[in-house]
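# Summary of structural features
Next come the chains, spelled out residue by residue.
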Amino acid sequence: MKLIFEKSVKGRGLSLLKEPDVPEYALSEGLLRKEPLDLPEVSETDISRHYTSLAKQAHGINDGFYPLGSCTMKYNPKIDEQVASERAFTALHPLQPEESAQGALEVMYECSKSLCEITGMDDFTLQPAAGAHGEFTGLLLIRAYHESRGDLKRTKIIVPDSAHGTNPASAAMAGYTVVNIPSAPDGCVDLEKLRAVCSDDTAGLMLTNPNTVGIFDKNILEITEIVHSAGGLCYYDGANLNAVMGIVRPGDMGFDVVHLNLHKTFSTPHGGGGPGSGPVGCKSFLSSFLPGKTVVRNDDGSFAFSVPSDSIGSVRSFYGNFLVVLKAYCYILSLGASGIPDTAKNAVLNANYLKHLLEKNYDMAYGGICMHEFVMTLEKIKHESGVSALDIAKALLDKGMHPPTMYFPLIVHEALMIEPTETESKETLEQAAEAFTQIYEMAVKDPEYLRGAPYNTPIKRPDEAEAARNPVLRYIPEK
Ligand SMILES: *Cc1c(COP(=O)(O)O)cnc(C)c1O
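Let me sum up the structure you'll find in this document. Keep in mind that what you see is a predicted model, and the values were worked out from it rather than measured. (Residues numbered from 1 in each chain as written. Predicted model: local features only at pLDDT ≥ 70, side-chain atom pairs only at ≥ 80, totals over all residues. Heavy atoms only, no water.)

Right, let's get into the overall build of the protein. Counting its regular elements, the protein contains 14 helices and 13 strands. Computed over its C-alpha atoms, the radius of gyration of the protein comes to 25 Å, within 12% of the 23 Å expected for a compact globule of 479 residues. Counting across all 479 residues of the protein, residues that qualify as buried make up 48%. Within the protein, residue pairs in contact and separated by at least 24 positions form 70% of the contacts whose partners lie at least 6 positions apart. When the accessible surface of the protein is summed, it comes to about 23900 Å², and 54% of that surface belongs to carbon and sulfur atoms. In the protein, the 43 positive side-chain charges and the 61 negative ones have mean positions that sit 4 Å from each other. (Helix = DSSP H or I, 4+ residues; strand = E, 2+ residues; numbered from the N terminus. Rg over C-alpha atoms; globule rule 2.2 N^0.38 Å. Buried < 20%, exposed > 50% of the residue type's maximum accessible area, 1.4 Å probe, protein only. Contact = heavy atoms within 4.5 Å. Areas by Shrake-Rupley, 256 points an atom, 1.4 Å probe, with all protein chains shown as cover. Lys, Arg positive; Asp, Glu negative; His and termini not counted. Charge placed at Lys NZ, Arg CZ, Asp CG, Glu CD.)

Another aspect to go through is unusual backbone geometry. Note the cis peptide between F408 and P409, where omega equals 0°. Assignment of secondary structure puts P409 in the loop between β12 (405-406) and β13 (415-418). Cis peptide bonds are those with omega within 30 degrees of zero, and the linkage from A453 to P454 qualifies with 5°. Positive phi outside glycine occurs at T421, with the angle close to 70°. The topology assignment puts T421 in the loop between β13 and α12 (426-445). Residue classification places T421 among the buried positions, given a relative accessible area of 1%.

The subject of this paragraph is the sheet that holds strand β11 (residues 374-377). One open sheet accounts for four strands, arranged β10-β11-β13-β12; its pairing is antiparallel. Every interior strand has two partners, whereas the edge strands, β10 (363-364) and β12, have only one. Of the strand pairs in this sheet, β12 and β13 are connected by two bridges, and their pairing is antiparallel. Each residue of the ladder has a partner; that of M406, found in β13, is L416. Taken strand by strand, helix α9 (residues 322-358) contacts β10, β11 and β13, and its axis lies near 15° from that of β11. (Pairing = 2+ DSSP bridges. Axes fitted to C-alpha atoms, helices over the stretch in contact; angles between N-to-C directions.)

A separate point is the pattern of salt bridges. One pass over the structure, following the stated rule, counts 22 salt bridges. The residue R297 makes a salt bridge to E110 at a minimum N-O spacing of 3.9 Å. Of this pair, R297 sits in strand β8 (residues 294-297) while E110 sits in helix α4 (residues 102-119), and the two are 187 residues apart along the sequence. R297 gets classed as partly exposed once you look at its relative accessible area, which sits at 43%. Taking relative accessible area as the criterion, E110 reaches 21% and is therefore assigned partly exposed. A salt bridge links R195 to E222; the shortest N-O distance between them is 3.2 Å. (Salt bridge = Lys/Arg side-chain N within 4 Å of Asp/Glu carboxyl O.)

Now for the site of the ligand. Taken together, 14 residues sit near the ligand, with G131, A132, D237, H263 and K264 positioned nearest. One of the side-chain N or O atoms of H164 is found 3.4 Å from a nitrogen atom in the ligand. In this structure, N240 approaches the ligand through a side-chain N or O atom, which is 3.2 Å from an oxygen atom. When the free accessible area of the ligand is taken as 390 Å², the share hidden by the protein chains comes to 85%. Ranked by the residues each element gives to the shell around the ligand, the list is headed by helix α5 (residues 131-148), at three residues. Here the shell around the ligand is built from residues that sort into three nonpolar, eight polar and three charged. (Near = heavy atom within 4 Å. Polar contact = N/O pair within 3.5 Å; in protein donor to acceptor, adjacent residues only side chain to side chain. Nonpolar A, V, L, I, M, F, W, Y, C, P; charged D, E, K, R; others polar.)

Side chains of Y25, L27, L31 and L32 sit close together on the surface and give an oily, nonpolar patch of about 480 Å² of accessible area. Exposure remark for L31: the relative accessible area of 61% places this residue in the exposed category. (Patch = residues over 30% accessible without salt bridge, like charges linked within 9 Å, V, L, I, M, F, W, Y side chains within 5 Å.)

Below, the discussion takes up the nonpolar core. Core analysis: the largest hydrophobic core is formed by 57 residues, its most contacted members being M108, L115, L194, F255 and F266. Top element by residues in this core is α9. It accounts for 11 residues. What M108 contacts, discounting residues up to four positions off in sequence, is L126, V295, F305, Y319 and F322. F65, L357, C370 and A443 belong to the second largest nonpolar core, which has 30 residues in total. (Core = buried A, V, L, I, M, F, W, Y, C linked by side-chain atoms within 4.5 Å.)

End to end, α5 covers 26 Å across 18 residues, agreeing with the expected 26 Å (1.5 Å per residue, within 8%). Every buried residue of α5 is listed here: G131, G134, E135, T137, G138, L139, L140, L141, I142, A144, Y145 and H146. Of the surrounding secondary structure, the elements contacted by the buried residues of α5 are β2 (156-160), α6 (166-173), β4 (202-208), β5 (233-238), β6 (257-260) and β7 (280-282). Looking at the residues trailing α5, positive phi occurs at G150, about 70°. (Expected span 1.5 Å × (residues − 1).)

Another point: the environment of Q431. Along the polypeptide, Q431 turns up in helix α12. A relative accessible area of 56% places Q431 in the exposed class. The spatial distance from the C-alpha of Q431 to the C-alpha of F65 is 9.6 Å, given a sequence separation of 366 residues.

Read across the open sheet, the seven strands follow the order β1-β7-β6-β5-β4-β2-β3; overall the sheet is mixed. Two strands close off the open sheet at either side, each with one partner strand: β1 (123-125) and β3 (177-181). Adjacent strand axes in the sheet meet at a mean angle of 25° when their direction is disregarded. Where α4 meets the sheet, its contacts fall on β1 and β6, and the angle it forms with β1 comes to roughly 125°.

Now for the packing of aromatic side chains. Applying the stated criterion across every chain, the model contains 10 aromatic pairs. Centroid distance F318 to Y319: 5.9 Å. Interplanar angle 50°. Geometry classified as tilted. Relative accessible area serves as the criterion here: at 14%, Y319 is assigned to the buried category. Note on Y449 and Y455: the rings are 4.6 Å apart at their centroids and 25° apart in plane angle, and the pair reads as stacked. Using a relative accessible area of 36% as the deciding quantity, one classes Y449 as partly exposed. (Phe/Tyr/Trp six-rings, centres within 6.5 Å; stacked < 30°, edge-to-face > 60°.)

Spelled out as structure tokens, the structure:
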């Protein structure tokens, strides 16, 4: 497809911008460009077709099934967008006096309160802009706590090998040494291994529960107890809380700090590096360390910003991605107290139904009931036919589906990690299972065909390492 610059024809144009409603201002000579900007010159028809065909090159949640494990690519209700595009919210300035933005402060206050209720925490910061950013923030809270007690020898964070990849990265970023512990054969934390690494240099444990293989750790209370008795704190990666929200709470499982991905569980759009939000909740003994400004309610019912007394400082400008928080709050209110556990139940039911349908042809990495996602291992298929997890993922593209997460978690070979989410219908899950069945039959019959897939997409098999390391993102015009 040609770039918009390459479609440019000198002298062609369109006028989408309105006439200015303020007087023109003459800039001084030194501020003016010497040459006009090299902008594409196209008609309104051209530009409209250009962006429509660009949109068709990608697969979004509005195009079809998107079971990208751990990413929770679910349908985001349009009402959230509608509320967040109200001028009363979009025209706010982050520096305007708090008396003039009471509604926005109330949204932040009430959203924090709802998140406390859902997670069993006492306080929240809405500042972090992503899940990994929340992890980093939470670890700084843990560090501030140990330092405030003069307990400086705690330099290690324990991370099970079934954790999300961002967990060890965040711990290292926060200056900790990462202690990796292997999982037991059932996919849960190995308690003996955990006991063996806990000591007076343990700052804390980071746990993703349900973990990245879709299993809720049955020993969760024992795990937090082991870490606490060694003097460490427990961090809960709640990016995928949609498996358990309204059913169990991290606070009740013994966790001290938690982050949530509003752009997963709480249904705000994500992907493409767009705005996210990774609020961090904590138990009251950590509240005074929270970053930035939090919102408090005064005795007269008005809202005000307040900086916690021992704050670790700001982790982002202003109050975080306010409009993302607003969408999430809208989502929480529209689900209500009964909708939240129903959502979790449907996420788990959908994953188990699809898992059951796929079990006929595909091996699962772990048996039993899963939570919101499950992991298949294609080792046997690879061995028998040479068809890899990558080939199957590519073939799914031709069936109009986004592939599952591939080769993750690292502890499962030839892994495909599937998360259908709660917003898919029974029919969609059955169609997806049918596509997987057809691909399996093809793997048996004509593996060579699958190695050439996809056949119907604009891009086939890019060199992924090259695309990630050396992307060509700049257009340099020919002179
Ligand atoms: C997505 C995810 C993260 C990271 O969230 P980002 O917003 O991408 O930084 C962390 N942990 C888990 C379990 C996740 O699924």
